Each structure stands twice: as C-alpha cells, then as structure tokens.
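# Observations on the model geometry
Here are the chains, one letter per residue:
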Amino acid sequence: MNKFHSSLKPRFKGTIELLYLKNNQLVFNNVITRDYMIVETDEISSFFLRKINGENTIKDIKDSVRSRFTRDFSEDIDNYLNYLYQKNIIEFEDIAIPSDLKRYSNQIHFFRNFLHFNNAKEMQSLLGSKKVCVLGLGGTGSHIAYSLCAMGVGTLILNDHDYIEEKNLTRQALYCENDVGKSKSIVAKEKLSSINSSVSIITFDRRISQTLDLEEIIEGADLVINCMDDPNMDHTSIIVNDICQKMNIPFITGGGYNAHQTSLGYLIIPNKTMCFHCIRKAIQNHDGDLRPFLSEKRDMDYGSVVGIASIIANLQVLEAVKFLTNFSSPVIMNQHIELDFIHLSFRKTNLLKYIHEPCDRCVHLKGGEKNES
C-alpha cells in the first residue's frame, strides 16, 4: 500500500466526474477511459470526500475528521486515499515533471489519463529507453519516424535505399524541394536530429531482397515497423516476418493502400500472436472480402494523399507506443482492420477465427483458443 506524506494535497483528477450519489454509493466516471467506478460511502467518508479539493493537505483532512467525529480515523483515511489513488480517481497537487522530461509534459499528461502520475513519468522514461527500427521512409514510414522521434523514442534505426523525388513531396514528411535527388535516409537523419537531438538515429540505405539483408539492421531493436512497399507490402512483410521470427523481435507490418481504402497492418509478436504467414492463410480462409489487400501484385498504382498516409502512420505509432510502454493494450494483434476514408467506415475482423492449418509457431492459437491480447 502507498504511504502518502501528510503534506500532500489530494484532488480529484480532472478527467473524473461524479455522476450521482445513491444508496450510500458514489459513482464516478472517467471521461477519457469511459470507466465507471462505484465507491461505498458512509457519514465519515462523505465528510472526508468533501475535503478533497487540492487545497487541503492530508493532515488538514485528518484534523477536520478528528474534530468533527472526535475520533482518530487516520488509518481509515490512509486506506481510503490509497483506494481512490489505485482506482485513478485522485491525484496530488504538488506533482512535478522532472526537468529532463519537460518537453514531453503533454504526453505525460496524456498518459496520466490511463495511469497514475508517477507511472506516467515512468512511461515516458521507458519510451526513451526503446530502440525502434523503421524500414522504408516513404508515405507512412517518414511520418512514423517523425512521430516516434518527436515522442522521444530513445533510438531510431532507419533504412531506405531510395532517393527523394518531386512526387514524394505531396505526402512524405521530412523532405522539402531542396532535398530532391538526395538520399532519404541521410535527409531523414538530418531533419529528425533537428527535431529532437536527444534521439539517437542510426541509418542504412540498403535494398532489402532477403532476410540476410536485414539481420544487421534490426539487431537489438525492441520493435520493427515495416513500411517497405517495393515490390509490395506483402512481399516485404514475408521477409521481415521470417527474420523477426528467427531473431525473436516483435514487428508491425505497415498497411497497404487501395486508393481510399486502407489496411492498418498487424502487430506480430513471435510465439504470442499469429505470424504473417498464418495471417495470410487466415485471410484466404475468410469469405473473400479481405483478399484484395494481400494480392500478390499490384496491376496499377492506386496512389494516395498525405491525409491518408499520415493518419495510418500515426495510428501505427499509437499502437507501437502502446506496445513499447504497455500504457494500454495494442489492438492490431491478430486483427485485420480496414478503414474507408471516403465513407469514414471502419471494419475489424478477428483472424483467429480463420486459422485452420496453423504453422508450428501458431498451432497453439488454433480456433482462437489463446486470447489475442
């Protein structure tokens, strides 16, 4: 149990609202997480709760209760405070963000919606210890690299063998007109270093055609994000899957475009989720609605716009940060998620239902017996 110092000033979190008081029960709602919490009350606790305002110290509250009820309820108050704190209902007025994390204050406040304040600071520090590899710095990869750098991931490993073209400027982050003809990986490192100098950036410009091409690049990574679409996402994801399974490194397959329709991609954790080969089998076992997203070849360039590329990229970043910090559970495990940006529709399919002949790595998932979270 937490032992709070008597000088702390408890207050209800800004995301907490009181819905009603009924039958000696207070019902709180977290407006961010949509969690409802029921707190039992009596005459003493009702009086005590009214003293929680961010101005009274714990000592002030205990003194008020002792004066009102002529008894010392210090231990009960400590237990009640601890309960409210564990339920993420209260926080303390004199919370502070360390100087080295000041630039991430908005992120820490965001994490606070899901965690206690100290844990939120720890999440940011944890993110700063992680190493993420982004393969491909095009429409999605450039936005992913930018966002991860801005959020303070400790080390970014970037690989792209391509050079910047004028047509890239309409949707790819990090590049400007003066960069046309330059190496994407070199320019990306320069721009990202100016955005967040505390992030260590390692670059490669290697063309990937087999698993051996990736072994040195992804060594030591906590997560790999595949955004390589040459010749297509299906082909490159097979290569990434095989080497990441061998090296036991979690990875995300970048989504693929069919004009305004997009597949978000998959978070694959070796020996926990479906591998990419079994994902492909599961999609083929589906009724056919999912097949176009994993076609063996693209007969035409469907194109894209920056709105779609950046949205998909940052959804993947959010899922990546969930995985890296565990502030929330990632959604894109064993799921096929489609977004239609013209009609703003969303469809999610649990692929565990369609495993009929899993490989040796995925046999324990047959029939969806293992929870995807």
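So, how was this worked out
- Residues numbered from 1 in each chain as written.
- Predicted model: local features only at pLDDT ≥ 70, side-chain atom pairs only at ≥ 80, totals over all residues.
- Heavy atoms only, no water.
- Helix = DSSP H or I, 4+ residues; strand = E, 2+ residues; numbered from the N terminus.
- Buried < 20%, exposed > 50% of the residue type's maximum accessible area, 1.4 Å probe, protein only.
- Contact = heavy atoms within 4.5 Å.
- Areas by Shrake-Rupley, 256 points an atom, 1.4 Å probe, with all protein chains shown as cover.
- Pairing = 2+ DSSP bridges.
- pLDDT = per-residue confidence, 0-100.
- Axes fitted to C-alpha atoms, helices over the stretch in contact; angles between N-to-C directions.

Counting its secondary structure elements, the protein contains 11 helices and 15 strands. Looking at the protein as a whole, 50% of its 373 residues are labelled buried. Counting contacts in the protein only where the partners sit at least 6 residues apart, residues at least 24 apart contribute 62% of the total. Accessible surface, the protein: about 18100 Å² in total, of which carbon and sulfur atoms supply 48%.

It is worth spelling out the pairing of strand β14 (residues 335–340) at this point. Look at any regular strand and the pattern is simple: side chains alternate between the two faces of the sheet. Counting buried positions along β14 gives six out of six residues, so the element sits mostly inside the fold. Burial along β14 is two-sided: the face carrying Q335, I337 and L339 and the face carrying H336, E338 and D340 are both buried. Between β14 and strand β15 (residues 345–350), which pair antiparallel in sequence order, lie four residues; one of them, L344, sits at a positive phi of approximately 50 degrees.

Let's shift gears to the confidence of the model for the protein. Caution is warranted with low-pLDDT regions, since their predicted coordinates should not be read in detail. On average, residues of the protein carry a pLDDT of 87, and 89% of them reach 70 or more. Low pLDDT (under 50) marks residues 292–298, which in the prediction has 19 contacts with non-local residues, meaning those over four places away or in another chain. For the stretch residues 369–373, pLDDT sits under 50, and the model shows 14 contacts to residues farther than four places along the chain or on other chains.

Spatially, β8-β7-β6-β9-β10-β13 is the arrangement adopted by the six strands of the open sheet, whose pairing is mixed. Of all the strands in the sheet, the pair left with one neighbour each is β8 (200–204) and β13 (265–268). With strand direction ignored, the average angle separating the axes of adjacent strands in the sheet is 15 degrees. Both strand β6 (residues 131–135) and strand β9 (residues 223–226) contribute to a ladder of four bridges, which runs parallel. Bridged to L135 within β9 is N226. Packed onto the sheet, helix α10 (residues 276–285) meets β10 (251–254) and β13 and runs at close to 135 degrees relative to β13. Most of the contacts of helix α11 (residues 306–325) go to β9, to which it runs at about 165 degrees, and overall it touches β6, β9, β10 and β13.

Before going further, it helps to spend a moment on the environment of I90. As for its position among the elements, I90 is in strand β5 (residues 90–92). The class of I90 is buried, set by a relative accessible area of 1%. Along the primary structure I90 and I16 are separated by 74 residues, whereas in three dimensions their C-alpha atoms are 8.4 Å apart. If near-sequence neighbours (up to four positions away) are discounted, I90 is found in contact with P10, R11, F12, K13, I52, L81, L84 and Y85.

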